[in-house]
Each structure stands twice: as structure tokens, then as C-alpha cells.
Amino acid sequence: PSFRNGLFSRLKKLLVWVIGLYIAIPFIIKLCPAIQAKLVFLNFVRMPYFIDLKKPQDQGLNHTCNFYLQPEEGLNIGVWHTVPEALQREAQGKEQSWFESTLDSSHHIILYLHGNAGTRGGDHRVQLYKVLSSLGYHVVTFDYRGWGDSDGSPSEGGMTADAIFMYDWVKKRSRSHPLYIWGHSLGTGVASNLARHLSERGSPPDALILESPFTNIREEAKSHPFSIYRNLPGFDWFFLDPITASGIRFANDENVKRISCPLLILHAEDDTVVPFHLGKKLYTIAASSPSLREHKVQFIPFQKALGYRHKFIYRSPELPHILR
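Please read these numbers as outputs of a predicted model, since none were measured by experiment. (Residues numbered from 1 in each chain as written. Predicted model: local features only at pLDDT ≥ 70, side-chain atom pairs only at ≥ 80, totals over all residues. Heavy atoms only, no water.)

Asks: Break down the overall build of the protein for me, citing the residues and quoting the values.
Replies: Helix and strand counts for the protein stand at 12 helices and eight strands. Looking at the protein residue by residue over its 324 residues, the buried ones come to 50%. Within the protein, residue pairs in contact and separated by at least 24 positions form 73% of the contacts whose partners lie at least 6 positions apart. Element-wise, carbon and sulfur atoms account for 57% of the exposed surface of the protein, whose accessible area totals about 15,600 Å². (Helix = DSSP H or I, 4+ residues; strand = E, 2+ residues; numbered from the N terminus. Buried < 20%, exposed > 50% of the residue type's maximum accessible area, 1.4 Å probe, protein only. Contact = heavy atoms within 4.5 Å. Areas by Shrake-Rupley, 256 points an atom, 1.4 Å probe, with all protein chains shown as cover.)

Asks: Provide a residue-level description of the environment of Asn193, including the pertinent values.
Replies: As for its position among the elements, Asn193 is in helix H7 (residues 186-200). A C-alpha to C-alpha distance of 9.2 Å links Asn193 and Val256, two positions 63 residues apart in sequence. With residues up to four places along the chain from it excluded, the contact list for Asn193 reads Glu156, Thr160, Phe250 and Asn255. In terms of polar contacts, Asn193 uses its side chain to reach the side chain of Asn255, at 2.8 Å. (Polar contact = N/O pair within 3.5 Å; in protein donor to acceptor, adjacent residues only side chain to side chain.)

Asks: If you had to explain empty space enclosed by the protein to someone new, which residues and values would you point to?
Replies: In the structure shown here, the tally under the stated rule is one cavity of 30 Å³ or more. In this model, the largest cavity occupies a volume close to 40 Å³. Every residue along the wall of the largest cavity is listed here: Tyr112, His124, Leu128, His184, Glu211, Lys311 and Tyr314. Of the residues assigned to the lining of the largest cavity, the class counts are three nonpolar, two polar and two charged. (1 Å grid on protein atoms, 1.4 Å probe; cavity = no way out; pocket = protein on both sides within 12 Å on 5 of 7 lines; lining within 4 Å. Points joined across faces, edges and corners; volume = space filled by probe spheres on them. Nonpolar A, V, L, I, M, F, W, Y, C, P; charged D, E, K, R; others polar.)

Asks: Please provide a residue-by-residue account of the side chain of Ser212, values included.
Replies: Relative to the assigned elements, Ser212 resides in the loop between strand E6 (207-211) and helix H8 (217-223). Take Ser212: its relative accessible area is 0%, and that puts it in the buried class. Among the polar contacts made by the side chain of Ser212, one reaches the side chain of Asp271 at a distance of 3.4 Å. In this view, Ser212 contacts His184, Ser185, Thr188, Leu266, His267, Asp271, Val274, His310 and Ile313; residues no more than four positions away in its chain are not counted.

Asks: Give me the lowdown on the packing of aromatic side chains, citing residues and values where you can.
Replies: A complete count under the given rule lists 12 aromatic pairs for this structure. Here Phe67 and Trp169 contribute two aromatic rings whose centre-to-centre distance is 5.5 Å and whose plane-to-plane angle is 35 degrees, an arrangement assigned as tilted. You can see Phe67 sitting in strand E1 (residues 64-72) and its partner Trp169 sitting in helix H6 (residues 156-174), a full 102 residues away along the chain. No difference in accessibility class separates Phe67 from Trp169, as the two residues are buried. (Phe/Tyr/Trp six-rings, centres within 6.5 Å; stacked < 30°, edge-to-face > 60°.)

In C-alpha cells, the structure reads:
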């Protein structure tokens, strides 16, 4: 009996601690909005942890060059450039200058903007680079400031500034060759910010591809499966307002009303991170946007039975046909 009483007492204390923590978390986040910002970016999550980003060949990318650029003075960001598979043999042992020169070729280019957590070396990202390279595309990707081995701290403004810089850098070297923007997950917010900026300055991209997109960060946070508090009163005040207070909006729904280029949305029905209905809702908004009236706007759903979830659309055998 004494053992049972002691166990019961310990379980009771543990339960009190869990309930106390559950109650305390909303107040902690409200008082420290920076915590909520970190949970949006997750840039401190470096999985897989032991990748040497200076050696993309370790990830099977032996036709990829790693280098660093400066979007601002004193701020270096890490970049990978994977050439089309047709140039794989020629790429061996070449320097950065050779990789840059190949951007001015007949091959189309994709600027890839990754989502939160991890780095440009994340496995699902690497697998997509390989697929796109096999289809004849250049892939240029990078880690935003505060991610991977890039300098600085994350913010929506900083991520967008890095994307604008990278787009202009590639465009200067590719000249008139087609350059597409591809954003995944949180990267769709950066991608639509970039496409809107380019459209408003009169030089829209050749196309925008949004993989697993949301409407805006508030709706995504509210729909996220890990939002265990979302049905409680005051959820917006405790959790969503601090995100807005941190200057984080990623308003894809507003941006698609200001973009003037072809738009392709890809979304898996079994996506448990960014719910499918948000991608569908974004498409509905885009399809009625006056700025997109003259352009092709397409939504490609992937059935639940395929099991592509949030990260594995690259596995689709239909992808070459869809992109063409």
C-alpha cells in the first residue's frame, strides 16, 4: 500500500506540473513574442545534423557547386547551384565561375526557396534538386540569413530581401533565359513576396510554383496539427497576435492579387503540416485575381493514397508532365 500511495503521489505531482505548464505556455508566448517567431522559423533545427554544406557531393550532388554571396555588407549566405544532368560530366572539377557561366545557356532555371527548419541540404530538398536536374533544369538554392551556415538572424523581411538578391543575381547571369521561382511550405510565403515585388517593379518572373502553400501565416498556425490550444478561447490573442507583432505575415492570399505571371500550385491531400484546404483556398483566390487573368493558373492535387504528404511530391512520376 505504501508503494502504491507513493506512486500515486508522484503521478499526482507530475499531473500538476503538466497542467501548470499547459496553462503557463500561452502567457509565456504572449509575453515573449520572439518565442513564437522561433517556432515559425525553426531555423535552429539543423536536421540532419552532420551534413557538411560545403560538400554537396556528400549528398549525391556531384554536379553542384557550393559558394557564398553577400546580399548585404558583412552578411554571407550559403548557396548551391546544381546544373542540369546533361552537364554532369562536364561539371566535374569546375570552379564557381564555370557554374555561373552555364546559367546563360538554353537550359531553364529554377530558384528554389525552402521551408522552415533544416537547411538547403535537407534530404527531401536534395531529392527534388536531383529530379529537377534530371528534367534539364538548373537549380539554384540557398539558406536564408539565420539558416544553415548563413550569417544573421531570421525575419520575413530578411528572407524576402535575400530572395530578391538571389533572383537578381541569377537573372543578371541568365539574361533572357526562363527563370522560375519554386517555393515550398514556409518558402511559398517568401516566393509570393518575391513574385509580388518583381511584378510591381515591372519585371515579373516567368512562372511561380507553390508547393504545399497556405493562405497566410495566421491561418496556417490556426490549422497546424500541433496547435493544441486552437480550440481554446483567446487562441488568437495568445498565439497569433504575437506572430503578427513579430512582423511575420507571409500573406500569400494578398500577394496572389498582385502577381502577374503563370502560377502553379501543387498540394497533397494527406499533407498534415499545411492542410490541403488552405492550398485549395489559395487557388480559389488566385483564380479570381484580376492581375492573373491573362495568365495560366493551375492547381494540381495529389491523392491521399499516393502518400506524398508534406515533403514527397517530388516522387510523383507525373511531375515532368506537370512542369512541361
